[in-house]
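So you can see what is in the structure, the chains are spelled out below.
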Amino acid sequence: MKEKWIVVRNYYLYFMLYSVIGWLYEVFLEVVVYRWGFSNRGVLFGPYCPIYGTAAVLFILLLTGIKKKSIRVKSINITPAIVFFLIVVLATLLELMGSYVMEVLTGGWMWDYTRFAWNFQGRIALNPSLRFGAGGMVFLYVFQPLFERITMIRQQNVLSAVVGVVLILFLTDAATTFLC
């Protein structure tokens, strides 16, 4: 039972880490790239975008096994290309579903891709999907191995306490956002 708790705890930690990284990415785009100024890019009060955390956990669960394989065409390893394609597909589907969920919960969604070519109802578009693919590759091949090493620290009780506090803060944020 203890081992299952550690797995669940680690996946929740990954969810939160990538939710915060996603929020930072969104804020960076608004402030630095587009120069629109700062706004909280999350649907909740805190500095996190749960859709990024959800995507990250989905990628870990569905793509880690594929990432570890060596799929070749002749002598060329095409595994990274397959992983990239799958990240693009999964991220696009999640973003589309997320837009509908947000619309039900809040009356709208927080992005508008109508200015991009190859968009669907302004909810998804090729350009952001390819960016999510690139970001997903960085996450899966660079950040995730680092985060897995972090979760292997010796003070497991400290990590569990931190995750417990973060969970309480996140649930309080979600409850006050959606119930009030």
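Within any chain, residue numbers begin from 1 and follow the written order of that chain's sequence. Where local features are concerned, this predicted model is filtered to residues with pLDDT of at least 70; where side-chain atom pairs are given and counted, the filter is 80 or more; whole-chain, interface and lining totals use all residues. Excluded from the side-chain calculation are hydrogens and water; included are all heavy atoms of the structure.

A. The arrangement of the overall build of the chain in detail. Along its length, the chain carries five helices and four strands. The way it works is that DSSP assigns letters per residue, a run of H or I at least four long becomes a helix, a run of E at least two long becomes a strand, and they are numbered from the N terminus. From first element to last, N terminus to C terminus, the chain shows the α and β order α-α-β-β-α-β-β-α-α. Across its three principal directions, the C-alpha atoms of the chain cover 55 × 45 × 30 Å. Buried residues in the chain amount to 38% of all 180 residues. Residue contacts are counted whenever heavy atoms from the two residues lie within 4.5 Å of one another. The long-range fraction of contacts in the chain, counting pairs at least 24 apart against all pairs at least 6 apart in sequence, stands at 63%. Using a 1.4 Å probe, the Shrake-Rupley method yields the accessible areas, and only the shown protein chains count as cover for residues. Roughly 11000 Å² of accessible area belongs to the chain as shown, and the carbon and sulfur atoms make up 73% of that amount. The charged-residue count follows a simple rule in which Lys and Arg add positive charge and Asp and Glu add negative charge, with His and chain termini not counted at all. Here the site of a charge means NZ on Lys, CZ on Arg, CG on Asp, or CD on Glu. One way to put it: in the chain the 15 positive side-chain charges average out to a point 14 Å from where the 8 negative ones average out. The rule is simple: take the accessible area with a 1.4 Å probe, protein chains only, and divide by the maximum for that residue type; under 20% is buried, over 50% is exposed, in between is partly exposed.

B. Up close: helix H1 (residues 2–33). For a helix, the expected span equals 1.5 Å multiplied by the number of residues minus one. With 32 residues, H1 extends 45 Å from end C-alpha to end C-alpha; this agrees with the ideal 46 Å at 1.5 Å per step. Looking one or two residues beyond H1, the residue adopting positive phi is arginine 35, at roughly 55°.

C. A look at the packing of aromatic side chains. Each aromatic pair joins two rings of Phe, Tyr and Trp (for Trp, the six-membered one) with centres within 6.5 Å, and gets the label stacked for planes under 30 degrees apart, edge-to-face for over 60, and tilted for any other angle. Applying the stated rule across the entire model yields 11 aromatic pairs. Between tyrosine 25 and tyrosine 52 the ring centres are 6.1 Å apart and the planes differ by 65°, which places this aromatic pair in the edge-to-face class. Remark: tyrosine 52 occurs in helix H2 (residues 50–68) and tyrosine 25 occurs in helix H1; sequence separation between them is 27 residues. Relative accessible area serves as the criterion here: at 27%, tyrosine 25 is assigned to the partly exposed category. Put simply, the rings of Tyr18, Phe59, Phe139, Phe143 and Phe147 pair up and form one aromatic cluster. Sitting over a ring, as applied to charges here, requires NZ of Lys or CZ of Arg to be within 6 Å of the ring centre and within 35 degrees of the ring normal. Note that lysine 67 overlies the ring of tyrosine 141, its terminal NZ or CZ placed 5.2 Å from the centroid.

D. Spotlight on the packing of helix H3 (residues 79–106) against helix H4 (residues 126–150). Where helices are involved, their axes are fitted lines through C-alpha atoms of the stretch in contact, as for all axes, and angles between N-to-C directions lie from 0 to 180°. Contact geometry for H3 and H4: axes closest at 8 Å, N-to-C directions at 120°. One element, H3, and the other, H4, form an angle in the oblique class. The hand of the H3/H4 crossing is right-handed. In this structure, H3 uses Thr79, Pro80, Val83, Phe84, Ile87, Val88, Ala91, Thr92 and Glu95 to contact H4, whose residues at the interface are Ser129, Leu130, Phe132, Gly133, Ala134, Gly136, Met137, Leu140 and Tyr141. Here the nonpolar group is Ala, Val, Leu, Ile, Met, Phe, Trp, Tyr, Cys and Pro; Asp, Glu, Lys and Arg are the charged ones; every other residue, Gly included, is treated as polar. When its residues are assigned to classes, the contact of H3 with H4 shows 12 nonpolar, five polar and one charged. An angle below 35 degrees is treated as roughly parallel, one above 145 as roughly antiparallel, one from 65 to 115 as roughly perpendicular, and anything else as oblique. By definition, any crossing whose near helix is turned counterclockwise from its far helix by less than a right angle is left-handed, and any crossing with a clockwise turn is right-handed.

E. Looking closely at the environment of valine 89. By the element assignment, valine 89 lies in helix H3. The class of valine 89 is partly exposed, set by a relative accessible area of 32%. When the C-alpha atoms of valine 89 and isoleucine 168 are compared, they prove to be 32 Å apart, with 79 residues separating the residues in sequence.

F. Representation of the pattern of salt bridges within the structure. Any carboxyl oxygen of Asp or Glu within 4 Å of a side-chain nitrogen of Lys or Arg constitutes a salt bridge here. Enumeration over the complete set of coordinates arrives at one salt bridge. In this structure, glutamate 103 and arginine 123 form a salt bridge, with 2.7 Å as the shortest nitrogen-oxygen distance. In this pair, glutamate 103 is assigned in helix H3 and arginine 123 in the loop between strand S3 (119–120) and strand S4 (124–125), connecting sequence segments 20 residues apart. Judged by its relative accessible area of 31%, glutamate 103 falls in the partly exposed class.

G. Quick look at the nonpolar core. What we call a nonpolar core is a set of buried Ala, Val, Leu, Ile, Met, Phe, Trp, Tyr and Cys residues that are connected through their side-chain atoms within 4.5 Å. Tyr18, Phe59, Leu63, Ile87, Tyr113, Phe139 and Leu140 are the most contacted members of the largest nonpolar core, which totals 26 residues. Where this core is concerned, the elements lending two or more residues are H1, H2, H3 and H4. The contacts of phenylalanine 139, once residues within four sequence positions are left out, are Tyr18, Ala56, Phe59, Ile60, Gln144 and Pro145. Among the nonpolar cores identified, the runner-up in size contains 11 residues, and Leu13, Leu44, Val57 and Phe170 belong to it.

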